[in-house]
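# Architecture at a glance
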Amino acid sequence: FFGVRNIAEGVPGETHDQWADALNLAFLGFDSDKGLEVLGASFGVHNDPLTGVKFERPITFAYVARRTATPVHTSLIRTDVGTIAQFESFNHNEAITSTLIGSRFVTPRMDVERPGEWYFSNSQTFANSSSDSDYARIEKIGVGLICAKIAKSALFAYRGKNLETVSEPDTKNGVVKG
């Protein structure tokens, strides 16, 4: 999962339309030969729930969070799974300027019917569309992210605790020395 550059990042004075045109041109006809690549094209104001601080983050943070919180077969663009959490605004709204959705970028949208509520407009990848094996990995990545979320919760009880050191490796159980 990657985010593209922000508006006017490295290009002083760049407008929103110039930014969108530059992204579309840069990725025109691009197919990933490395498998799945999800590119998020927008930055938003993120409300950190731990510190209360607001700062700018790429949409890929919201995308990964949503992918870990939804069932594997669920499309991220479904509105019934909820709004994009912890983000109050984005610098690109695909409902107003639909300039990036055709280029397969993950983008946010806020429809006039739901002011203040942000949703994903798509969840496409840059994988080669003629390669079924690349698209088959989408579910595996989803499962991996869900497993990571479960593991994080299970390991919470061990945070800050000293674990017993092992003087001799236990190859049968995969335990290394240390």
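Residues numbered from 1 in each chain as written. Predicted model: local features only at pLDDT ≥ 70, side-chain atom pairs only at ≥ 80, totals over all residues. Heavy atoms only, no water.

## What to know about the overall build of the chain
- When helices and strands are tallied, the chain shows three helices and seven strands.
- Taken from N to C terminus, the helices and strands of the chain fall in the order β-α-β-β-β-α-β-β-β-α.
- Of the contacts formed within the chain by residues at least 6 apart in sequence, a portion of 55% connects residues at least 24 apart.
- By element, 56% of the accessible surface of the chain is carried by carbon and sulfur atoms, the whole surface being about 11,100 Å². (Helix = DSSP H or I, 4+ residues; strand = E, 2+ residues; numbered from the N terminus. Contact = heavy atoms within 4.5 Å. Areas by Shrake-Rupley, 256 points an atom, 1.4 Å probe, with all protein chains shown as cover.)

## Focus on the nonpolar core
- In this structure, Val38, Ile59, Ala62, Tyr63, Leu76, Ile84, Phe87, Phe90, Val106, Trp118 and Phe120 together form the largest nonpolar core, which totals eleven residues.
- For this core, the secondary-structure elements that each account for two or more residues are helix H2 (59–69) and strand E5 (87–90).
- The biggest single contributor to this core is H2, with three residues.
- Core analysis: the next-biggest nonpolar cluster, separate from the first, contains eight residues, Val4, Leu23, Ala41 and Phe105 among them. (Core = buried A, V, L, I, M, F, W, Y, C linked by side-chain atoms within 4.5 Å. Buried < 20%, exposed > 50% of the residue type's maximum accessible area, 1.4 Å probe, protein only.)

## Some points on the environment of Ile59
- One can find Ile59 in helix H2.
- Of the residues examined, Ile59 reaches a relative accessible area of 0% and is grouped as buried.
- Placed 16 residues apart in sequence, Ile59 and Phe43 show a C-alpha to C-alpha distance of 5.6 Å.

## Quick notes on helix H1 (residues 16–26)
- Three or more residues of H1 are buried, namely Trp19, Ala20, Leu23 and Asn24. Angularly, the buried residues of H1 cover 130° about the axis, an arc narrow enough to put them on a single face. Turned more than 90 degrees away from the buried face of H1 sit Asp21, Leu25 and Ala26, all of them exposed. (Arc of directions from axis to C-beta.)

## Some remarks on the sheet that holds strand E4 (residues 54–58)
- Strand order in the open sheet made by the three strands is E4-E3-E5, with antiparallel pairing throughout. Only two strands of the sheet have a single partner each, and these edge strands are E4 and E5. With direction set aside, neighbouring strand axes in the sheet form an average angle of 30°.
- Looking at chain direction, strand E3 (residues 43–47) and E4 are connected through five bridges and run antiparallel. Within E4, the residue paired with Gly44 across the bridge is Arg57.
- Where H2 meets the sheet, it contacts E4 and E5, and its direction lies at approximately 80° from that of E4. (Pairing = 2+ DSSP bridges. Axes fitted to C-alpha atoms, helices over the stretch in contact; angles between N-to-C directions.)

## Quick notes on the packing of aromatic side chains
- The tally for this structure, following the rule as stated, stands at four aromatic pairs.
- Judged by centre distance (5.9 Å) and plane angle (90°), the ring pair of Tyr63 and Phe120 falls under edge-to-face. Residue Tyr63 is located in helix H2, and its partner Phe120 is located in strand E7 (residues 119–120); the two are separated by 57 residues in the primary sequence. Take Tyr63 and Phe120: they sit in the same class, and that class is buried.
- Pairing Phe87 with Phe90 gives two aromatic rings, centres 5.0 Å apart and planes at 15°, and the pair type is stacked.
- Using a relative accessible area of 8% as the deciding quantity, one classes Phe87 as buried.
- Note on Phe90: relative accessible area 10%, which makes it buried. (Phe/Tyr/Trp six-rings, centres within 6.5 Å; stacked < 30°, edge-to-face > 60°.)

## With respect to the pattern of salt bridges
- If you walk through the whole model with that rule in mind, you get four salt bridges.
- Taking the shortest distance from any N to any O, the salt bridge between Glu14 and Arg5 comes out at 2.7 Å.
- Taking the relative accessible area as the measure of exposure, Glu14 reaches 9% and is therefore buried.
- Of the residues examined, Arg5 reaches a relative accessible area of 26% and is grouped as partly exposed.
- In this structure, Arg109 and Asp111 form a salt bridge, with 2.8 Å as the shortest nitrogen-oxygen distance. (Salt bridge = Lys/Arg side-chain N within 4 Å of Asp/Glu carboxyl O.)

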